[in-house]
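# Report on the structure
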Amino acid sequence: ACSSGEEPLSIAIALNEAGWFERFPIQIDASDASPAAIARARRGIYRERSFRALPLGLRSKYFRQEAEGWRVSPELHGRIRWHIANLADPNEIAPLAGAPFIFCRNVFIYFSREAIRRTVDHFIRHMPRPGYLFLGASESLLKVTTELELQQVGTAMVYVKR
């Protein structure tokens, strides 16, 4: 549920800044159920509001100002594959659910408990061991599944499939 792409781009920037793109063959798959949101993400142009938490140095490194807004660099944008996929539909997310790291932040706040359980069960069936599921700070799986172990990694909380 990447909406117009800010979160996958933030992940890509963090990975590049840490030197991971140079050392590992990393591909980021980003999806959203909205074709309009994915179309915006594929364009790679963002308005000023998208940069409220991004340091100016990173904006100037990864984005160029154009008449329509700020365009993400082709090198960074090329690390992301954009997909139209509904997380509630197992057939649509099956190709994505096998990833070792899944960021599903601030999505489940819109799902019923049963829809969360079905989606997470699908992730669990397909993700490798170990697999890591990142949720938003206000989201929890504690009443949904016991198959994932909640761990703290730095300041972040992550659900781990062992």
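Placed above this text is the structure.
The present account deals with the structure reproduced in this document. Predicted, not measured: the structure shown is a model, and the values here were computed from it.

## Thoughts on the packing of aromatic side chains
Each aromatic ring pair is described using two quantities: the centre-to-centre distance and the angle formed by the ring planes. Going through the model one piece at a time under the given rule, you end up with seven aromatic pairs. When the centroid spacing of 4.8 Å and the interplanar angle of 80 degrees are considered together, the rings of phenylalanine 51 and phenylalanine 63 count as edge-to-face. Taken together, the residues phenylalanine 51 in the loop between β2 (45-46) and α4 (56-62) and phenylalanine 63 in strand β3 (residues 63-66) connect sequence positions twelve residues apart. Assigned by exposure class, phenylalanine 51 and phenylalanine 63 land together as buried. Phenylalanine 51 sits in the buried class, given a relative accessible area of 7%. For the cation-ring pair, arginine 59 lies above tryptophan 70, with the distance from its terminal atom to the ring centre recorded as 4.3 Å.

## Here's the deal with the side chain of serine 31
Assignment of secondary structure puts serine 31 in strand β1 (residues 28-32). Overall, the relative accessible area of 8% leaves serine 31 in the buried class.

## Digging into helix α7 (residues 113-126)
Between the first and last C-alpha of α7 there are 20 Å, a value that for 14 residues agrees with the 20 Å anticipated at 1.5 Å per step. Listed as buried for α7 are Ala115, Ile116, Thr119, Val120, Asp121, His122, Phe123 and Ile124. Considering only its buried residues, α7 is in contact with α6 (90-97), β6 (101-104), β7 (131-135) and β9 (156-161).

## Quick word on unusual backbone geometry
Along the chain, arginine 129 connects to proline 130 via a cis peptide bond; the corresponding omega equals -10 degrees. Of note in the backbone geometry, serine 3 takes a positive phi value of approximately 55 degrees without being a glycine. On the secondary structure map, serine 3 appears in the segment before α1 (6-17). Here asparagine 106, not a glycine, exhibits a phi torsion of approximately 60 degrees, which is positive.

## Things to note about the packing of α6 against α7
Where α6 meets α7, the closest approach of the two axes is 10 Å, and the angle between their N-to-C directions is 40 degrees. The orientation of α6 with respect to α7, classified from their angle, is oblique. Where α6 crosses over α7, the two elements pack in a sense that is right-handed. Along its contact with α6, which presents Pro90, Ile93, Ala94 and Ala97, the element α7 presents Thr119, His122, Phe123 and His126.

Conventions and cut-offs
Residues numbered from 1 in each chain as written. Predicted model: local features only at pLDDT ≥ 70, side-chain atom pairs only at ≥ 80, totals over all residues. Heavy atoms only, no water. Phe/Tyr/Trp six-rings, centres within 6.5 Å; stacked < 30°, edge-to-face > 60°. Helix = DSSP H or I, 4+ residues; strand = E, 2+ residues; numbered from the N terminus. Buried < 20%, exposed > 50% of the residue type's maximum accessible area, 1.4 Å probe, protein only. Lys NZ or Arg CZ within 6 Å of the ring centre and 35° of its normal. Expected span 1.5 Å × (residues − 1). Contact = heavy atoms within 4.5 Å. Axes fitted to C-alpha atoms, helices over the stretch in contact; angles between N-to-C directions. Parallel < 35°, antiparallel > 145°, perpendicular 65-115°, else oblique. Left-handed = near helix turned anticlockwise from the far one by under 90°.

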